[in-house]
2 protein chains.
Amino acid sequence: MAEKSIFKFRIEPQDVDFTFHARLDSLCSIMLHMAGADAQNRGFGVDAIMVKKRAWVLSRMSVEIDRFPKQYEEMELRTWVSENRLLLSTRNFEMVDAAGEVVCRAVSQWCLIDYERRVPVSLEECDTFTPDKLCSAPSPCTPPRKLRGIEPTESTSRRVVYSDIDFNHHVNTMRYLAMMLDVLPIDMLSSNRPLRLDVHFMHECRLGQTISVGYCQQGEESMFEIISDEATVACRAVIEWR
Amino acid sequence: MAEKSIFKFRIEPQDVDFTFHARLDSLCSIMLHMAGADAQNRGFGVDAIMVKKRAWVLSRMSVEIDRFPKQYEEMELRTWVSENRLLLSTRNFEMVDAAGEVVCRAVSQWCLIDYERRVPVSLEECDTFTPDKLCSAPSPCTPPRKLRGIEPTESTSRRVVYSDIDFNHHVNTMRYLAMMLDVLPIDMLSSNRPLRLDVHFMHECRLGQTISVGYCQQGEESMFEIISDEATVACRAVIEWR
């Protein structure tokens, strides 16, 4: 079995908002970037699987944040893949501060797709991702939960532009998250309250499409849904404020 | 006198577009992030000057790109401050590939401001930024040129949102650049043609403002102007395609 991978990093000025604490989307981006680096180091990164027309697609993610780290805090990220099951690979994360306290935990679920045929393929097809690359440590929080549709009380729409898209011509997963945060009242974003985020990436949006970001608040839950102009649901998320 | 500072980095998947070459805004972001890290290492970073209510503000920048590096290329960034004159500090950049070829050169001009009174202050007021921190190497390309207003043939407007703003409640300088690139025809952006960019950051835009991004094409020059809803010019830029 594999060990957890450990990355050292620092909360940089570009990661914080005006409260000088890391933003939620920055913390998620840091985790995803290091997931990519870890997969590459272990031989199943985008470069290794691209030769077979395969790509990793992030399907769902749950993130629990107990404390938002401050600018210039020295942090450690631990990440490991714990399970490959039912076309989903589960990658976990723990973010630890200099005092050894876990401030953030996350579980992400990934599909392997054939990017020419646009279909998910079995994880066994990824022959560089062998079972010895799994780590026996359990997930550090509950996996992403199912999310239902919402009846938005607020909604904004915008066109998908160049800076939204990734190498695959689709909206970058972290841009969906930023778009959803952008409709929240600013006081909620700057409260730095502990939270749990569940997000589900359902359909890809492409350059030139118009997408609409819906939002409603139910008690301590902020609920989001992004719909494309083809009336398909692109992404759903819930932030539970703790 | 100081030596040039050298940072090693790699073009990561998040830095590239669908051509698998680094995006213009990514290359500029990398330079600005490393400028911040270098200023901090040398004792005149945002943290050191904040105690005196001072902040660095990027005023103008010129960037010449001969070749857009590809994903996973190992690069070296050299940066040095060559001059402090007339309230402007000049920081230079050279980006070098593994073969030792300079693929990108840039000159940036910075003001020191009093962020409570919102006025520029003399560089001599920054007592941690002493003349021995200057490097005698000349700028690697011509400094940012003066930019005049334009008569846009295309214009889009949008509201300033949370993900646009920095720790100072203002639109992040690199977001202006992304907004301008977003109005360009996609074929130009993905051409990876050599170019020179001149950009001038004139007034800050704040959360909740509506800004309009104007664009026109004159021969081989793409010209941009961002105007806020207070009818002030926030930013101008020209890309000269070579």
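Residues numbered from 1 in each chain as written. Chains lettered and ligands numbered in written order. Predicted model: local features only at pLDDT ≥ 70, side-chain atom pairs only at ≥ 80, totals over all residues. Heavy atoms only, no water.

Caption draft 1: Expanded view of the packing of aromatic side chains. Counted according to the given criterion, the structure contains ten aromatic pairs over all chains. With a centroid separation of 3.9 Å and an interplanar angle of 10 degrees, the aromatic rings of F44(B) and F129(B) are classed as stacked. A residue pair is termed long-range when its members are at least 10 positions apart, and F44(B) in the loop between helix 1 (24–41) and helix 2 (46–50) and F129(B) in the loop between strand 6 (119–121) and strand 7 (154–159) qualify at 85 residues. The class for F129(B) is buried, based on a relative accessible area of 5%. Cluster of aromatic residues (ring-pair linked, three or more members): F44(A), W56(A) and F129(A). Here K4(A) stacks its cationic end above the ring of W80(A), 4.1 Å away from the centre of that ring. (Phe/Tyr/Trp six-rings, centres within 6.5 Å; stacked < 30°, edge-to-face > 60°. Helix = DSSP H or I, 4+ residues; strand = E, 2+ residues; numbered from the N terminus. Buried < 20%, exposed > 50% of the residue type's maximum accessible area, 1.4 Å probe, protein only. Lys NZ or Arg CZ within 6 Å of the ring centre and 35° of its normal.)

Caption draft 2: Representation of the interface of chain B and chain A in the model. Across the contact, 27 residues belong to chain B and 27 residues belong to chain A. Taken over both partners, the interface formed by chain B and chain A buries close to 2,800 Å², and the fraction arising from carbon and sulfur atoms is 61%. In this assembly, chain B and chain A are joined by ten residue pairs in polar contact (both at pLDDT 80 or more). For the side of chain B that touches chain A, the element with the highest residue contribution is helix 2 of chain B, accounting for three residues. In terms of residue class, the side of chain B that touches chain A is made up of 14 nonpolar, five polar and eight charged. (Contact = heavy atoms within 4.5 Å. Buried area = accessible area lost by both parts, 1.4 Å probe. Polar contact = N/O pair within 3.5 Å; in protein donor to acceptor, adjacent residues only side chain to side chain. Nonpolar A, V, L, I, M, F, W, Y, C, P; charged D, E, K, R; others polar.)

Caption draft 3: The arrangement of the nonpolar core in detail. Counting residues in hydrophobic clusters, the biggest one holds 134 residues, and the most contacted among them are M31(A), M95(A), L197(A), M31(B), M95(B) and L197(B). Setting aside residues no more than four positions away along its own chain, M31(B) makes contact with M61(B), V63(B), L77(B), F93(B), M95(B), C104(B) and A106(B). (Core = buried A, V, L, I, M, F, W, Y, C linked by side-chain atoms within 4.5 Å.)

Caption draft 4: Unusual backbone geometry, seen in detail. Residues and elements named next belong to chain B. The backbone phi angle of K53 is positive, close to 60 degrees, even though this residue is not glycine. Relative to the helices and strands, K53 resides in the loop between helix 2 and strand 2 (54–65). Of the residues examined, K53 reaches a relative accessible area of 36% and is grouped as partly exposed. With phi around 50 degrees, L86 is a residue other than glycine that occupies positive phi space. Inspection of the secondary structure assignment puts L86 in the loop between strand 3 (74–85) and strand 4 (88–96). The class of L86 is exposed, set by a relative accessible area of 69%.

Caption draft 5: Broad picture of the domain arrangement of chain A. Residue and element names in this part refer to chain A. One can read the domain layout of chain A as domain 1 (5–133) and domain 2 (154–241). Each of domain 1 and domain 2 has a C-alpha centre, and the two are 19 Å apart. Taken residue by residue, the interface counts 20 residues in domain 1 and 22 residues in domain 2. At the boundary of domain 1 and domain 2, one finds two salt bridges. One salt bridge connects E64 with R196, and the closest N-O pair in it is separated by 2.9 Å. Counting across the domain 1 and domain 2 interface gives nine residue pairs in polar contact (both at pLDDT 80 or more). At the level of elements, helix 1 (24–41) and strand 2 (54–65) are the ones that each hand at least two residues to the side of domain 1 that touches domain 2. By residue number, the principal contributor to the side of domain 1 that touches domain 2 is strand 2, which donates eight residues. Class assignment of the residues belonging to the side of domain 1 that touches domain 2 gives a composition of nine nonpolar, five polar and six charged. (Domains from an automatic or database assignment. Salt bridge = Lys/Arg side-chain N within 4 Å of Asp/Glu carboxyl O.)

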